[in-house]
Amino acid sequence: MERTDEDKLIDEVTGKSYEFGFTTDIESDTIAPGLDEGVIRIISSKKNEPEWLLEWRLAAFKVWSDMEEPNWAHVEYEKPDFQAISYYSAPKKKKEFASLDEVDPELLKTMDKLGISIEEQKRLSGVAVDFVMDSVSVATSFKEKLGELGVIFCSLGEAIQEHPELVRKHLGSVVPQKDNYYAALNSAVFTDGSFCYIPKGVRCPMELSTYFRINQAGTGQFERTLIIAEEGSYVSYLEGCTAPQRDENQLHAAVVEIISLDEAEVKYSTVQNWYPGDKQGKGGVFNFVTKRGICHRASKISWTQVETGSAVTWKYPSCILKGDDSIGEFFSVAVTNNMQQADTGTKMIHLGKRSRSTIISKGISSGHSQNSYRGLVQIHPGAEDSRNFSVCDSLLMTDTCGAHTFPYIEAKNPTAQIEHEATTSKIGDDQIFYCLQRGIEEEEAIGLIVKGYAKDVLNKLPMEFAVEAQKLLTISLEGSVG
Amino acid sequence: MLKIKNLRAKVGNNEILKGLNLEVKPGELHAIMGPNGSGKSTLAAVLSGRDSYEVISGSVNFDGIDLLELETSERAREGVFLAFQYPIEIPGVSNLNFMKAALNAKRAHKGLEPIKAKDFLAKVKDCSSLVELDGRLRDRSVNEGFSGGEKKRNEIFQMAMLEPKLAILDETDSGLDIDALRVVSKGVNAMRSSERSFIVITHYQRLLDHIVPDFVHVLSDGCIVKSGGKELALELEEKGYDWLKKSPHEIHNI
Amino acid sequence: MSVFTENFSATLPPPTRRSERWKYSSIAKLLKNEISISKEAAQGKNGWPESVSHNPVISLEAYIAVFKNGVFEPTLSNLPTSDGVECVPFSKREQNEELKFSNTYSKKEWIGELNESYRQDGLYLKVHRNVKVDRPIIIHHLTDGIGVASFPRHFIRVEEGGSLKTVVWSSATDDSSGMYNGILEATIAPNASLSMEKVCNEGGEVFHFSYEHIVQERDSRLKMNTFTIKGNWVRNELEVISLGKGTDSVFNGAYLPKGTEHVDNHTTIDHTCSDGTSSEMYRGVLYGNSTGVFNGKVFVRKDAQKTNAFQQNTNIVADRGASINAKPELEIYADDVKCAHGCTVGQFDLDSIFYLKSRGIDEKYAKALLVEALLNDVLSCVFCLELREEIMRLYTERHEW
């Protein structure tokens, strides 16, 4: 069969190296691989945690030991060996810095490579950055400014030391230890993450952001994030991840809990670019994440995400719409290429009257990837007059990729209004040729088409994220029409 | 402007163009007619550089450039425009953004700055009124939800925006009712100039009542078997194509 | 052997509920009726009833062909005479061209076989190349009498580049009963267009069967709207076959049965070639104890790549006793196509009614407004204002809005 131009372009893109693949050589304090009660005690003591937290971890570990790893119909992967992972790795340098001059220059170099140098951040809109690397938070800036408003934004480890009552009150209240296999594991061995607390009526003046990196080979990443928005408050939180190139699969099993009290609003945006594995599907990050928010009366939680990385993704940001008049939103663009597999979606649980949810999910599949969307809309008997609107679109770019949609609609209240739409379309040779004939190059054409397709979601991202997200989308799909 | 010499081209294993010769000078409008399967659309595809069509031999010279050496997008930026027989829908990409991207690609090729927003919008206004293209259609996604007539008008709108040197209209009149045909023809006629050439491929003679050609060629079985002035179109209207199924020698009484 | 089949015999048996195509439209009632081809009509007696205007759309400047009980009425008709159009009833035609009715309906369906065997008159309408017929042509059928059957058969061909607008209207006086069994065959040649508005406004107790078989050749365009205003028992069967690339087919319908009326719309669009588009929108409101059926088949054959097919059926069940059976069917064998379909059945939207009531509009009129809104999308596709207004006037009168 003749080789088309598409074939040649596909060859070109799969040879394209992962932009962010590099390692930082910093001394790390790592414990031996393996997981048992003893390891948990070590972690807890290294972090100087109070007794109640150790008990909480141990309870989680017990629950996890009794659980079985889940199997998912549309995702195939080699199960990680949990005994072969080291559960703690911290750079030896101290983590508190009065100014950036005191930050390890290697770290600064790392941040530069990631394109997020702290200097730049300072000059921009005043984004406060909590830089997480290898299970320990490194730099926290703007702490004072936020402090004036009563906003707490720090690492979870710090919060446990300085605001234990807040952590104790809310930790596990949205995602209990026994929620699922990975949540249980995370509850037992989480090392750090972000903690965010916005007091009553305060509108957080800047976007809060955090970055992750997995550095050491064989280190699982178990981040735990807790965001508490008191009555009438507002916060916009950005999460963006990158990871270096590795042969072994790296596990990322994070938990994010959001508590949005009466009339509060939390926007949680993610741009995820974990290493997706090479074109044979080897290496790459396993991303098993539990993200959930609980909305009290008239409050709102929006999950916005752009996902282009990781070898295997299992992720369902959810909202429990507990309060009357609460709103849950989910906007997502998920790209899979080469041999990536994604089984993602969302859950909107309507408990409160007049609760509303909106789901806009745009999947883009290319190469030999498999992209599944699983969405659950559950209307409980007490959820009078609730409404849901879901759009789930799939865009296929090759004839070897797959897109699957599984909407689950459970309505136990007759006044509910649920709308679901799903479409599947192709970027075909004809569309590319049409653009070429108008003088637009193929890469630009794909960029135009993909941006047009994803614009409903990209519009929801905070601006600086939107720019990175758009670039990311185009890069991850270069040459992928075929 | 355009010199096609002995062009032979195939799709898969089928040779469709079997030694086509054609010369188009600046300012001229050539009509190409012929029965189904004669190679009309193949000619358009080959000139625009469509992948699945392979040139076996022959040459195409466009203003001193070897056109066959260039990629599709390069040919476009050099000034070749193809109005598609079945224009493609591109959901999510607005008509305006599409035009802006194309215009700027052409300008960049010429070493110019991207077009200013104000100038762009003014240009859009002029070109859309030329083909009576509704303001709402301009803002929609490329050809999505457009009727057949609207799609064809959109092609002419794009042609007006991009101001090509050579415009190839591939069966632009197919599927158009009288009113749409009138509007499309008006647009094409308004774009005629001494610096611009047209190759109008048509199956139905009716178009040529509105867009009067300088030359008419009949394409049959991959070659041009007869050429003439606009009267030839009328002759075809009366006689059909059967009388041309003889070999070129017989027709030209050689 | 039924009362009906004693007068009209056929080799095929009448369809029963076990036949998929007639599952929801039982003809049992028809079979119990004593019906025959009206002798009076054949003898030209009885004249035209006062209650029905011979031209149903008087305000429209149009040609008209009038048939009563299947017989052509020359004094009431006004046919075009210009060169570009051949418009003549079969009864008056010189048989110089052998007509081939291409469809096989009469071989497959009992109803079709009856029409073939008992065929009366019909219109032969041919539009020549590149001719746009200056005025629409109305074909008006009237059923007048007790136990009357009529079997018209029409033939339309629009040649290359031609353009034709037609209205096919069937009426019946309020004391009539019987059967109307009409077949219309049309071919639209390459790059030609045909517009057809079909209206059924029959009083009395007539069983109405109409079948349209329309073949579209390359690049041709079809616009067809089927309005059922009044009819005891109506079966509209429309079959559109696209035999060429780039065809465009738009066919819509509206039905508002009440009382014990029954309206059945069966449509088929068959895409056999690439780059075709079709759009179908059928809207219905069912009152009283009426029953409705919608069955829309969309075929996209293997070579019909780049087909864009759209189908939508919206139904409001206005009263408890009414019901609708809706079955959209899509059979798609090509892989590069865009096909969408939607089907809804529901009641009047209570919020909208309440909103209108809160502005002082009573419930009945509020519902009327909502129905009007529903109808408008279909009405707006009708080619002329006069016809739109007449159809709306008839609906308004019928439902006392």
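Going along each chain's sequence as written, the residues are numbered from 1 onward. Chain letters start at A and ligand numbers start at 1, both assigned in the order the entries are written. The predicted origin of the model limits local features to residues at a pLDDT of at least 70 and limits the giving and counting of side-chain atom pairs to 80 or more, whereas totals for whole chains, interfaces and linings rest on all residues.

**A word on the overall build of chain C**
Working step 1: Across its full length, chain C holds 8 helices and 21 strands.
Working step 2: Atoms counted for the radius of gyration: C-alpha only. Globule rule: 2.2 Å times residue count to the power 0.38. At 21 Å, chain C has a C-alpha radius of gyration in line with the 21 Å of a compact globule built from 401 residues.
Working step 3: Judged by the C-alpha coordinates and their principal axes, chain C covers about 65 × 50 × 45 Å.
Working step 4: Comment: burial labels come from other C-beta atoms within 10 Å of the residue's own C-beta, placed from the backbone, where a count of 20 or more is buried, 12 or fewer is exposed, and between is partly exposed. The buried share of chain C, taken over its 401 residues, is 50%. Secondary structure elements follow DSSP: runs of H or I no shorter than four residues count as helices, runs of E no shorter than two count as strands, and numbering proceeds from the N terminus.

**Comments concerning helix α9 (residues 181–189) of chain A**
Working step 1: With 8 of 9 residues buried, α9(A) lies mostly within the body of the structure.
Working step 2: Within α9(A) the residues assigned to the buried category are A:Y182, A:A183, A:A184, A:L185, A:N186, A:S187, A:A188 and A:V189.

**Some thoughts on the environment of B:S52**
Residues and elements named next belong to chain B.
Working step 1: For S52, the location among the structural elements is in the loop between α1 (40–48) and β4 (53–62).
Working step 2: Judged by the 12 C-beta atoms lying within 10 Å of it, S52 is exposed.
Working step 3: Between the C-alpha atoms of S52 and G12, which are 40 residues apart in sequence, the distance is 7.6 Å.

**Some thoughts on the packing of helix α3 (residues 51–66) of chain A against α9(A)**
Residue and element names in this part refer to chain A.
Working step 1: For helices, the axis comes from a line fit to the C-alpha atoms of the stretch in contact; other axes are also lines fit to C-alpha atoms, and the angle between any two N-to-C directions lies between 0 and 180 degrees. Put simply, α3 and α9 touch, their axes get as near as 7 Å, and they point 145° apart. For the pair α3 and α9, the crossing hand works out as left-handed. Within the contact between the two elements, α3 uses R57, A60, F61, V63 and W64 and α9 uses Y181, A184, L185, S187 and A188.
Working step 2: Any residue that is not Ala, Val, Leu, Ile, Met, Phe, Trp, Tyr, Cys, Pro, Asp, Glu, Lys or Arg is counted as polar, Gly included; the first ten are nonpolar and the last four charged. The residue makeup of the contact of α3 with α9, split by class, is 8 nonpolar, 1 polar and 1 charged. Crossing chirality is assigned from the near helix's rotation relative to the far helix, an anticlockwise turn below a right angle marking it left-handed and a clockwise turn marking it right-handed. What counts as a contact here is a pair of residues whose C-beta atoms, placed from the backbone, lie within 7 Å.

**A short note on the sheet that holds β4(B)**
In any sheet, the strands associate via hydrogen bonds between backbone groups, in a parallel or an antiparallel arrangement.
Working step 1: The strand order across the open sheet built from 4 strands is β2-β1-β4-β5 (chain B), with neighbouring strands paired in antiparallel fashion. A single partner strand is all that each edge strand has here, and the edge strands are β2 (14–24) and β5 (65–66) of chain B. One bridge is not enough; two strands pair if DSSP finds at least two bridges between them.

**Section: the pairing of strand β12 (residues 223–228) of chain B**
Two faces, one strand: in a regular strand the side chains alternate between the faces of the sheet.
Residue and element names in this part refer to chain B.
Working step 1: Where strand β11 (residues 215–220) lies against β12, 5 bridges are found, and the strand directions are antiparallel. The partner of S220 across the bridge, within β12, is C223.
Working step 2: In this antiparallel pair of consecutive strands, β11 and β12, the connection spans 2 residues, and D221 shows a positive phi of 50°.

**Some points on the confidence of the model for chain C**
Residue and element names in this part refer to chain C.
Working step 1: For chain C, per-residue confidence averages 89 on the pLDDT scale, and residues scoring 70 or more make up 96% of the total.
Working step 2: Values of pLDDT, ranging from 0 to 100, describe the predictor's confidence in every residue of the model. Here helix α3 (residues 39–42) stands out as the least confident element of chain C, with mean pLDDT 56; strand β13 (residues 221–230) is the most confident, with 97.
Working step 3: Reported for the predicted complex are a pTM of 0.73 and an ipTM of 0.84.

**Description of the environment of C:K306**
Working step 1: Within the element layout of this structure, C:K306 appears in the loop between β18 (291–300) and β19 (308–317).
Working step 2: Given 21 C-beta atoms within a 10 Å radius, C:K306 is considered buried.
Working step 3: In the structure, C:K306 is positioned 21 residues away from C:V285 in sequence and 34 Å away in space, judged by C-alpha atoms.
Working step 4: Once residues lying within four places of it in the same chain are set aside, the contact partners of C:K306 are B:Y86, C:S274, C:D275, C:D336 and C:V337.

**Details of helix α4 (residues 117–130) of chain B**
Residue and element names in this part refer to chain B.
Working step 1: The end-to-end C-alpha distance of α4 is 20 Å, a good match for the 20 Å that 14 residues give at a rise of 1.5 Å each.
Working step 2: Among all positions of α4, only V124, C127, S128 and L130 are buried. All buried residues of α4 fall inside an arc of 140° around its axis, so they share one side. Residues of α4 that are exposed and angled more than 90 degrees away from the buried face: K118, D119, A122, K125 and D126.
Working step 3: The elements touched by buried residues of α4 are α3 (95–109), α5 (135–139), α6 (148–162) and α7 (178–190). The span expected for a helix works out to 1.5 Å for each residue beyond the first. Each C-beta atom gives one direction from the helix axis, and the arc is the one those directions make.

**Points about the sheet that holds strand β6 (residues 80–83) of chain B**
All names here are of chain B.
Working step 1: The 6 strands lie next to each other as β6-β9-β10-β3-β11-β12, forming an open sheet whose pairing is mixed. One side of each edge strand has no neighbouring strand; the edge strands of this open sheet are β6 and β12. Strand-to-strand, the axes of this sheet are offset by a mean angle of 20°, without reference to chain direction.
Working step 2: Bridge count for strand β9 (residues 166–170) against strand β10 (residues 197–202) is 5 bridges, and the pairing is parallel. If you follow L169 over to β10, its bridge partner there is V200.
Working step 3: α6 contacts β6 and β9 of the sheet and is inclined by roughly 170° relative to β6.

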